[in-house]
Structures are given as structure tokens and as C-alpha cells.
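Summary of structural features
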Amino acid sequence: MSEMALTPISSPITGEMQVPGDKSISHRSIILGALANGTTTITQFLTSEDTRRTIEAFRQMGTLIEENETSLIIHGKGTSSLLEPEEPIYFGNSGTTARLMLGVLAGLPFFTSAYGDPHLTRRPMDRVVKPLSTMGGHFDGRNNGNYLPLAIRGGNLQGIHYRLPVKSAQVKSAVLLGGLFATGTTEVIEETPSRNHTENMLRAFGADITANGHSIQVSSDKSLTAADVAVPGDISSAAFFMVAAAIVPGSELTLRRVGLNHSRTGIMDVLSSMGTEIHITNKQTTGGEPLGDITIRQRPLNGTVIEGDMIPRLIDEIPVLALAATQADGETKIRDAEELRLKETDRIKATADELNRIGASIRPTDDGMVINGTSVLTGGRTITYNDHRMAMMLAIASLIAEETLVIDDISPIAISYPDFFQHLRRITHS
Ligand code: S3P
């Protein structure tokens with residue numbers, strides 16, 4: 001446990017900064033680089049606890065991966081070069097490593113066992129185990145294979161047509177990755193669009209993939225060919241600074257080279273509908289992923305409703321958006337976000353409990369919360385529940401608190417943003 005006491009700031013947030021590489025895209029670039037033939041160089045790669053788990057998983061299967069400061073070089077030799085690991089694979093705290101790797105391991109013709117930290121061990125895996133078992137993968141574990149640790153015997157998969165029962169890009173991706181090893185076509189149908197980085201990157205690596213409306217189809221007809229990846233900045237990391245600039249009076253902040261994939265930009269739409277001034281410049285596209293510079297200017301905020309198809313477009317940003325809503329005039333309602341209860345911690349309960357503890361007025365509901373603004377945040381002791389996004393949200397809350405805010409444990413921040421406090425100090429000039 002690593003406690004931190006944060007004092008409120010007295011000046012606006014100004015300047016510009018670049019957030020680290022996108023976590024979702026970084027994970028996928030390791031996976032596809034290792035499954036492909038040839039050398040994949042990944043620049044602006046996110047080096048963090050979560051992505052380390054995906055790197056180590058492939059190293060255990062024999063993939064040569066070189067690491068530099070911010071780039072990664074993967075010497076892929078195709079799926080047939082991967083070897084049965086001698087030791088269990090450790091997924092740590094990383095839900096993305098777990099769900100996506102289970103898709104890969106179901107396809108590989110050998111035995112693997114995998115486990116996670118105590119938090120990941122409590123998160124459901126049947127959402128991927130079920131469809132991958134229907135495809136022919138063999139899984140065993142507690143509660144019919146719903147929880148880690150899991151034993152996996154892969155190989156001989158067959159394509160399926162799968163309608164996603166949950167709004168989850170991880171589940172979609174696990175089935176599509178399994179489809180790379182399956183005979184016939186694998187189709188995933190999703191009612192509510194979720195992040196499509198797997199689809200974009202599969203295309204860039206030459207896979208046989210088509211996406212039409214709500215249906216995505218993949219086959220094993222074409223093997224993957226290495227492709228260099230330039231990872232855009234992570235909008236889910238940028239979100240903390242976007243909200244900081246939106247709630248600290250007089251702020252103006254520019255975030256450079258942030259990923260602007262439509263499936264991830266819900267936070268920009270919501271903040272602007274609440275009144276924040278947002279401008280995008282220097283738009284470009286790399287590897288099918290749009291990116292650009294985002295400038296945020298603080299303006300008075302009003303309450304809003306966040307629901308339906310918007311939810312997957314900002315699922316990881318809801319704790320920090322709830323913080324923004326505490327500073328908005330009137331009521332903000334968040335609905336259809338029941339998935340939040342299954343994240344690194346129950347983020348509906350954790351967000352409501354911790355912000356209420358420091359003076360907010362939030363009523364948790366089954367699938368979201370109702371936030372009444374405007375509240376004065378007092379400061380005091382807060383708990384992160386080993387959740388990196390809770391810890392960063394509380395650090396941003398401290399900027400506008402009346403007194404010192406103590407966070408019980410900032411160590412989980414290394415999961416997605418090891419340089420978070422350095423960056424925060426730079427833009428708060430402290
Ligand atoms: C992710 C998908 C989302 C998100 C997670 C990363 C991904 O999870 O919350 O942080 O990289 O595919 P779900 O697919 O469970 O919604």
C-alpha cells in the first residue's frame with residue numbers, strides 16, 4: 001500500500017501534454033505481432049503493469065520480444081511457432097490480457113494453465129469461456145470454468161455465429177481471435193457497438209476480416225503478416241486531465257496525439273454537452289486509428305443524461321465523469337452501465353461511496369448513478385479498492401477539494417499510467 005496526501009491547487013491548469021499510448025491498442029499489438037510472421041515494431045507503446053502481462057504471456061510461449069524506452073519489437077514467427085508454456089501464465093490484474101489471451105490459448109494446440117491476482121480472480125471469465133468452448137476449446141476451473149485459475153486445452157476450433165450477450169469488446173475480441181484458428185467463418189454480432197481496435201488491427205495485419213454494421217466476420221484463410229503500429233495516446237488516460245481542465249476554473253489544456261476512434265470518444269461528446277469547450281486539431285489516421293490534438297477550455301457545467309449506445313464509448317471514463325458531474329449545475333443521470341459492477345472493482349459503488357465521503361451527492365442505482373450538483377468537495381481520507389482509475393479520479397478530485405485529500409493506495413496507477421503524477425505536476429505547475 002502506498003498512501004498519498006494531495007493538497008488542492010490554487011491556479012488554473014494550463015499548457016500541453018502527451019498521454020501514454022493506448023492500453024487496448026498496446027495489448028492488441030503484442031498479440032497480433034506475436035501471432036504474425038515477421039518483425040512488428042510498436043512505437044508509443046504503453047509500458048505498464050497490464051501490458052507487461054501480455055508480453056510475458058507470449059515470452060512464455062517462446063516469442064522473442066525486445067523492449068526499448070517507448071517501443072517494442074516483436075519477432076513473430078506465426079502461430080505454429082508458439083510452444084506449450086512450462087509454467088502457468090500469470091494475467092495479474094489485467095482483464096484485457098485474460099479475456100483476449102483465452103481466445104488465443106483456445107486456438108493453440110496445447111495445454112496451458114493461467115491465473116490472476118486476487119481481484120482478477122473474482123471477475124467473470126464465463127463470458128469468454130462459453131463461446132470459446134462452443135468453438136471446441138476445453139476449459140476447466142471453479143464454477144464450471146467461470147473463474148481463474150483456468151486449465152485450457154486448445155486446438156481444433158470451429159467457427160461460430162455468436163450474438164454477444166454482454167456489451168464487451170473483450171468478449172468480441174476473444175471470439176474473433178479464436179476465429180483466427182478456427183475452420184470456417186466466425187461471426188460476432190453486437191447490438192451495441194464497442195471499441196473496434198481488434199478489427200482495425202486485424203485488417204492492418206492482413207487478416208480475412210469484414211465488418212458490416214453489427215456483424216464482424218473473420219476466418220483463418222489468411223495468416224497474419226507483421227505490420228508496424230504507432231499507438232495513439234490513450235483517451236481513457238487523457239480523460240483524467242480533460243476533466244481536470246473542465247472543473248478547475250480558468251483552465252485551458254491541450255492534449256497531443258490522442259486516439260479519436262469513435263468507439264472511445266464518448267467523453268468528449270458528454271463533456272461538450274455539459275458545456276466544456278473542446279477543439280480538435282491536427283487530425284490524422286494511423287493503422288486505421290484516428291488521432292489528433294484535443295484542447296479543453298473550462299466553462300460552467302450543466303447536468304446531463306448518459307445512457308444507451310453512449311455507455312461503451314466511455315465505459316472506463318464513468319468514475320471521472322461522475323466527478324465532473326459533481327461540479328455541474330443540476331442532475332446527471334447515468335444508466336445502462338451495469339457492466340461497471342464487474343470492472344477492477346464495482347465502480348458504481350466505489351465511485352458513489354468515495355465521492356460521497358468527500359462531500360458529493362450521488363445515489364447509486366443498479367445500472368448507474370444519479371449525481372446532484374453542484375457540491376463542494378471537502379477532502380479527507382479515500383479508498384481506491386486497488387483500482388487504477390479510482391485512484392486517478394480521486395487525485396483529480398483533490399485539485400478542487402477544500403482540504404487535503406488522502407488516497408489510501410496509489411500503487412494501482414502503475415497498471416495503466418506509471419507517469420501519472422509526473423504529468424499531473426507538470427500541468428498543475430506544482
Ligand atoms: C477493453 C474493453 C473494456 C474496457 C477495458 C478494456 C479492451 O472492457 O473496460 O478497460 O481493451 O477491450 P469490456 O470489454 O469488458 O467492456
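Residues numbered from 1 in each chain as written. Predicted model: local features only at pLDDT ≥ 70, side-chain atom pairs only at ≥ 80, totals over all residues. Heavy atoms only, no water.

What follows deals with helix α9 (residues 266-274). Those residues of α9 that fall on the buried side of the exposure criterion are G266, I267, M268, V270, L271 and M274. Structurally, α9 contributes buried residues whose contacts are with α8 (235-247), β16 (277-286), β17 (289-297), β18 (305-306), α10 (318-326) and β19 (330-334). Phi for G275, located one or two positions after α9, is positive at around 120 degrees. (Buried < 20%, exposed > 50% of the residue type's maximum accessible area, 1.4 Å probe, protein only. Helix = DSSP H or I, 4+ residues; strand = E, 2+ residues; numbered from the N terminus. Contact = heavy atoms within 4.5 Å.)

A separate point is the pattern of salt bridges. Counted according to the given criterion, the structure contains 31 salt bridges. The residue E3 makes a salt bridge to R381 at a minimum N-O spacing of 2.7 Å. Placement of E3 in the segment before β1 (4-6) and of R381 in strand β22 (residues 380-382) is noted, with a sequence separation of 378 residues between them. The shortest N-O distance in the salt bridge between D316 and R195 comes to 3.5 Å. Here R195 lies in the loop between β11 (185-189) and α7 (197-204) and D316 lies in the loop between β18 and α10, a separation of 121 residues in the sequence. (Salt bridge = Lys/Arg side-chain N within 4 Å of Asp/Glu carboxyl O.)

Tracing the chain through its elements places T186 in strand β11. Overall, T186 belongs to the buried group, its relative accessible area being 0%. For the pair formed by T186 and Q158, sequence separation is 28 residues and the distance between their alpha carbons is 7.9 Å. T186 has contacts with M135, G159, I160, V175, G179, I216, Q217 and V218, leaving out every residue within four places of it along the chain.

To continue, consider the UniProt feature "binding site: phosphoenolpyruvate" (unreviewed entry) in the chain. In the numbering used here, UniProt assigns the "binding site: phosphoenolpyruvate" (unreviewed entry) feature to K23, G95, R123, Q170, R347 and R389. Structurally, K23 is set in helix α1 (residues 23-35). According to the relative accessible area criterion, K23 is buried, its value standing at 7%. Aside from chain neighbours lying at most four places away, what touches K23 is L46, D50, T51, T96, D234, H388, R389, I415 and S416. (UniProt positions renumbered as here; feature names shortened; annotations may be inferred.)

Before going further, it helps to spend a moment on the nonpolar core. F241, L255, I267, L323 and F420 are the most contacted members of the largest nonpolar core, which has 72 residues in total. Counting residues per element, this core draws most heavily on α8, which supplies 11 residues. In this structure, F420 is in contact with F240, F241, M392, A395, I396 and I413, ignoring residues within four places of it in sequence. Counting 63 residues, the second-largest nonpolar core is a separate cluster that includes M125, M201, F205 and V231. (Core = buried A, V, L, I, M, F, W, Y, C linked by side-chain atoms within 4.5 Å.)

Let's shift gears to the site of the ligand. Neighbouring the ligand are the residues S24, R28, T96, K167, S168, A169, Q170, R195, I315, D316 and K343. A distance of 2.7 Å separates an oxygen atom of the ligand from a polar side-chain atom of K343. Coverage of the ligand by the protein amounts to 95% of the 390 Å² it exposes when considered alone. For the shell around the ligand, the secondary structure elements donating two or more residues are α1 and α6 (169-179). Residue composition of the shell around the ligand, grouped by class: 2 nonpolar, 4 polar and 5 charged. Taken domain by domain, the makeup of the shell around the ligand includes at least three residues from each of domain 1 (4-21 + 232-428) and domain 2 (23-230). (Near = heavy atom within 4 Å. Polar contact = N/O pair within 3.5 Å; in protein donor to acceptor, adjacent residues only side chain to side chain. Areas by Shrake-Rupley, 256 points an atom, 1.4 Å probe, with all protein chains shown as cover. Nonpolar A, V, L, I, M, F, W, Y, C, P; charged D, E, K, R; others polar. Domains from an automatic or database assignment.)

The next subject is the side chain of D234. When you line up the elements, D234 lands in the loop between β14 (229-230) and α8. Relative accessible area serves as the criterion here: at 3%, D234 is assigned to the buried category. A distance of 2.8 Å separates a polar side-chain atom of D234 from the backbone nitrogen of K23. Setting aside residues no more than four positions away along its own chain, D234 makes contact with V19, P20, G21, D22, K23, V258 and R264.

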